[in-house]
Protein chains: 2
Amino acid sequence: MAEEAAPETPESAAAEGRVRAWAAAQRARGRRVALVTSGGTQVPLEARPVRFLENFSSGRRGAASAERLVAAGYAVCFLHRARSVFPWARALPTGGPALLDLLRVHEAGRSVRVAEGALPALVPALLAYRRAQDQEALLALEFTGLAEYLALLRAAARALAPLGSSAMFYLAAAVSDFYIPPSEMPEHKIQSTDGPLQITMKMVPKMLSPLVKEWAPEAFVISFKLETNPDILIEKSRRALEKYRHQVVIANLLESRRTSVIVVTRDLETRLSLSEDEIAQGLEIEEKIVSHLESRHRDFIQQGSST
Amino acid sequence: MAEEAAPETPESAAAEGRVRAWAAAQRARGRRVALVTSGGTQVPLEARPVRFLENFSSGRRGAASAERLVAAGYAVCFLHRARSVFPWARALPTGGPALLDLLRVHEAGRSVRVAEGALPALVPALLAYRRAQDQEALLALEFTGLAEYLALLRAAARALAPLGSSAMFYLAAAVSDFYIPPSEMPEHKIQSTDGPLQITMKMVPKMLSPLVKEWAPEAFVISFKLETNPDILIEKSRRALEKYRHQVVIANLLESRRTSVIVVTRDLETRLSLSEDEIAQGLEIEEKIVSHLESRHRDFIQQGSST
């Protein structure tokens, strides 16, 4: 079923080999490995697509979490939507006039420097990025479309399976629940002269199921649940845990997602929140999430080795 | 009808005042003014939206055209999708590792410089941007959602109407043809457990009609037609010209849009293409489009003043 929605491609096969070699090297250095997925998937509505269904996601959560995981000693495979927020690049404006305004031409065009005001945030980010590069602690993989995401997720999961319980899956990407099978897609751009648009979309097979059962059955798996209705949030998170038998759901609401989440496990609900003071200090909720999960993961590894 | 789909907002009213004052100053300097729209619109599928319909557009065409128009002596109001390609910022990678890789920490963190290899492309772009800023030759306005785009387009069109035939409208944005009226939108995130997704979308009222008839009836108006099917491209362009009574349609196909377009007017079809040599030299099709339109616009102004 998963194979049908996302057949293996030469790119995904190459990615599997790359991740496998990288993970083995990281393991040899004694590092735990995390796969972080980040950003939204793109679902085409036409065979030669002009229109797409997109899920809301800047990729900020995934990028911030990847930074924290590297700081906590993890090697991170960062499977992200092309052009979504990237770890440590958050210190820079994303294109546009803000980025141009930051750059100054010096020495009659022989050098371009970043404006001094930006250095306090930028220099530590650049140094942390360079350090991660030097240690190969960040392996970035890019996707755009849903099928590409699914194929890369499977490839990376299989490549990390040999690490057993020391692999963490941190599935923060906003994956579409719906898609149009290629056989049902119009070949050309849908014409607006044909009147109102009727779209029927099929459900995307949930990847959590094969991930937990087949691809990486010993791994520590965290999924995310984003809702707008607080009344169904916890119930839906519990139902996901029961159905997929993974370890953790991070439950959050669209409006408060940057300051508060609930960590749901089979026997516990733990709320993590930023205080007013912490928000004023520029602390990010991802710092608390990663710190919490890091110790949960440690317990998980020990439980596994003691049985 | 247009007012219904895109009611005036405090932001659009403020933008109208800003564009009006800026345009008057540009006119006093003897500059022609162009409104360039660029990038795709976002259409929410839910009232508290998690999912969106997006039109394909990086904003590259609009940004490249704005650069050329400024070089040709126009003052450009650049109405663009937030985070889409921005004039002169194309010389830089858009975020992510490529941007981080370009920056070097020097003097123990007291300066950050752009890598030398990037300077040949970056320095001229930065100088052109700075020159445009100094002359206020670029006024940037941002949109994300469809309603926001429509309200800003109307505001800018009204603000430029006093310029008469010396105002050019270069409507390169990829505007959604479809939307869901707020009254028909689900309040919360659509649940995937409810089965396959059925979406019915209404047609967006075409803004070209009120733009040409009411908002800026004397202006020189160029619209864009992007299709995937070559068989209907010219016919659809002609039909648009007859229906909306504006001056030019730039017709292009998704696959060849970067190297070839057809300029369609009531009595002519002119194909503009890049030769293999020109492509190898890094020439852009927007250079030919703007050069062609600039002289058409000149004729249009003279015809108007001679009648």
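Keep in mind it's a predicted model, so treat the numbers as computed, not measured. (Residues numbered from 1 in each chain as written. Chains lettered and ligands numbered in written order. Predicted model: local features only at pLDDT ≥ 70, side-chain atom pairs only at ≥ 80, totals over all residues. Heavy atoms only, no water.)

With respect to the interface of chain B and chain A
Phase 1: Tallying the contact residues gives 65 residues for chain B and 65 residues for chain A.
Phase 2: For the pair chain B and chain A, the summed buried surface comes to about 6,200 Å²; carbon and sulfur atoms form 61% of the total.
Phase 3: The tally of links from chain B across to chain A stands at four salt bridges.
Phase 4: Two residues, B:Glu255 and A:Arg48, come together in a salt bridge whose shortest N-O distance is 3.5 Å.
Phase 5: Linking chain B with chain A are 22 residue pairs in polar contact (both at pLDDT 80 or more).
Phase 6: Counting only elements with at least two residues in the side of chain B that touches chain A, the list comes to β3 (51-55), α4 (96-102), β5 (103-106), β6 (111-114), α5 (119-134), β10 (197-203), β11 (220-227) and α8 (230-244) of chain B.
Phase 7: Residue composition of the side of chain B that touches chain A, by class: 34 nonpolar, 15 polar and 16 charged.
Phase 8: Where strand β3 (residues 51-55) of chain A lies against β3(B), five bridges are found, and the strand directions are antiparallel. Across the sheet, residue A:Arg51 finds its bridge partner in β3(B), namely B:Asn55. (Contact = heavy atoms within 4.5 Å. Buried area = accessible area lost by both parts, 1.4 Å probe. Salt bridge = Lys/Arg side-chain N within 4 Å of Asp/Glu carboxyl O. Polar contact = N/O pair within 3.5 Å; in protein donor to acceptor, adjacent residues only side chain to side chain. Helix = DSSP H or I, 4+ residues; strand = E, 2+ residues; numbered from the N terminus. Nonpolar A, V, L, I, M, F, W, Y, C, P; charged D, E, K, R; others polar. Pairing = 2+ DSSP bridges.)

Remarks on helix α3 (residues 60-71) of chain B
Residue and element names in this part refer to chain B.
Phase 1: Here α3 contains 12 residues, and its C-alpha end-to-end distance of 17 Å stays within 8% of the 16 Å for a straight helix at 1.5 Å per residue.
Phase 2: Most of α3 sits out of view: 10 of its 12 residues are buried.
Phase 3: Residues of α3 that are buried include every one of Arg60, Arg61, Gly62, Ala63, Ala64, Ser65, Ala66, Glu67, Leu69 and Val70, and no others.
Phase 4: Directly beyond the C-terminal end of α3, a positive phi value near 100° is found at Gly73. (Expected span 1.5 Å × (residues − 1). Buried < 20%, exposed > 50% of the residue type's maximum accessible area, 1.4 Å probe, protein only.)

A few points about the sheet that holds strand β4 (residues 75-81) of chain B
All names here are of chain B.
Phase 1: Judged by pairing direction, the sheet is mixed, and its eight strands sit side by side in the order β7-β4-β1-β8-β11-β12-β13-β14 without closing on themselves. This sheet does not close on itself; its edge strands, each paired only once, are β7 (138-143) and β14 (269-273). On average, each strand axis in the sheet is inclined to that of its neighbour by 15°, with strand direction left out of account.
Phase 2: Seen against the sheet, α3 touches β1 (33-38), β4, β8 (167-171), β11, β12 (248-253) and β13 (260-264) and runs at an angle of roughly 170° to β4.
Phase 3: On the sheet, helix α6 (residues 146-160) packs against β1, β4, β7 and β8 and is oriented at approximately 175° with respect to β1. (Axes fitted to C-alpha atoms, helices over the stretch in contact; angles between N-to-C directions.)

Let's talk about the layout of surface pockets
Phase 1: By volume, the largest pocket amounts to about 1,700 Å³.
Phase 2: Taken together, 50 residues make up the lining of the largest pocket; nearest its centre are A:Arg81, A:Ala82, A:Arg83, B:Ala82 and B:Arg83.
Phase 3: Looking at the lining of the largest pocket, the elements that each hand over two or more residues are β3 of chain A together with β3 of chain B.
Phase 4: Along the lines of polarity and charge, the residues of the lining of the largest pocket split into 16 nonpolar, 21 polar and 13 charged. (1 Å grid on protein atoms, 1.4 Å probe; cavity = no way out; pocket = protein on both sides within 12 Å on 5 of 7 lines; lining within 4 Å. Points joined across faces, edges and corners; volume = space filled by probe spheres on them.)

Quick word on the UniProt feature "domain: DNA/pantothenate metabolism flavoprotein C-terminal" (unreviewed entry) in chain A
Phase 1: The UniProt record annotates "domain: DNA/pantothenate metabolism flavoprotein C-terminal" (unreviewed entry) at residues 34-79 and 163-259 of chain A.
Phase 2: Across residues 34-79 of chain A, helical content stands at 26% and strand content at 39%; the span's end C-alpha atoms are separated by 11 Å. (UniProt positions renumbered as here; feature names shortened; annotations may be inferred.)

Here's the deal with the pattern of salt bridges
Phase 1: One pass over the full model with this rule turns up 44 salt bridges over all chains.
Phase 2: Between A:Lys202 and A:Glu184 there is a salt bridge; the shortest N-O distance is 3.9 Å. With A:Lys202 in strand β10 (residues 197-203) and A:Glu184 in the loop between β9 (178-179) and β10, the pair connects residues that are 18 residues apart, well separated along the chain.
Phase 3: The closest approach of N and O atoms between B:Glu227 and B:Lys236, which form a salt bridge, is 3.4 Å. One exposure class covers both B:Glu227 and B:Lys236, and it is buried.
Phase 4: Each of A:Arg60, A:Arg61, A:Glu67, A:Arg68, A:Arg90, A:Glu284, A:Glu286 and A:Glu287 takes part in salt bridges that share partners, so that together they form one network.

Structural notes on the relation of the copies chain B and chain A
Phase 1: Aligned on chain A, chain B shows an RMSD of 0.0 Å; the corresponding rotation is 180° and the shift along the axis is 0.0 Å. Both copies are brought into coincidence by an operation consistent with a two-fold rotation axis.
Phase 2: A symmetric contact is evident, with 100% of the interface residues of chain B recurring at the interface of chain A. (Least-squares fit on C-alpha atoms with pLDDT ≥ 70 in both.)

A closer look at the side chain of A:Thr265
Phase 1: Inspection of the secondary structure puts A:Thr265 in the loop between β13 (260-264) and β14 (269-273).
Phase 2: Setting aside residues no more than four positions away along its own chain, A:Thr265 makes contact with A:Arg238, A:Leu241, A:Gln247, A:Val248 and A:Arg296.

Quick look at the pairing of β14(A)
All names here are of chain A.
Phase 1: Pairing of β13 with β14, which is carried by five bridges, proceeds in the antiparallel orientation. Residue pairing for β14: Val261 is matched across the bridge by Leu272.
Phase 2: Taking the residues between adjacent antiparallel strands as the criterion, β13 and β14 are bridged by four residues.

Brief notes about the environment of A:Arg60
Residue and element names in this part refer to chain A.
Phase 1: Among the structural elements, Arg60 can be located in helix α3 (residues 60-71).
Phase 2: For Arg60, a relative accessible area of 16% puts it in the buried group.
Phase 3: When near neighbours in sequence (up to four residues on either side) are disregarded, Arg60 contacts Val85, Arg90, Arg258, Glu284 and Glu286.

What about empty space enclosed by the protein?
Phase 1: Per the stated rule, a full pass over the model turns up one cavity of 30 Å³ or more.
Phase 2: Looking at the largest cavity, its volume works out to about 50 Å³.
Phase 3: For the largest cavity, the full set of lining residues is A:Leu92, A:Leu99, A:Leu102, A:Leu103, B:Leu92, B:Leu99, B:Leu103 and B:Val114.
Phase 4: Of the residues contributing to the lining of the largest cavity, the split by class is eight nonpolar, no polar and no charged.

Things to note about the confidence of the model for chain A
Phase 1: Overall, the prediction assigns chain A a mean pLDDT of 92, with 97% of residues at 70 or greater.
Phase 2: This complex was scored by the predictor with a pTM of 0.91 and an ipTM of 0.87. (pLDDT = per-residue confidence, 0-100.)

A look at the packing of aromatic side chains
Residues and elements named next belong to chain A.
Phase 1: Tallied over the entire structure, the rule returns 10 aromatic pairs over all chains.
Phase 2: Measuring from centroid to centroid gives 5.0 Å for Tyr170 and Phe224, while their planes differ by 65°, and the two rings are edge-to-face. In this pair, Tyr170 sits in strand β8 (residues 167-171) while Phe224 sits in strand β11 (residues 220-227), placing the two residues 54 residues apart along the sequence.
Phase 3: Ring plane angle 45° and centroid distance 5.0 Å describe the contact between Phe220 and Phe300, whose orientation is recorded as tilted. (Phe/Tyr/Trp six-rings, centres within 6.5 Å; stacked < 30°, edge-to-face > 60°.)

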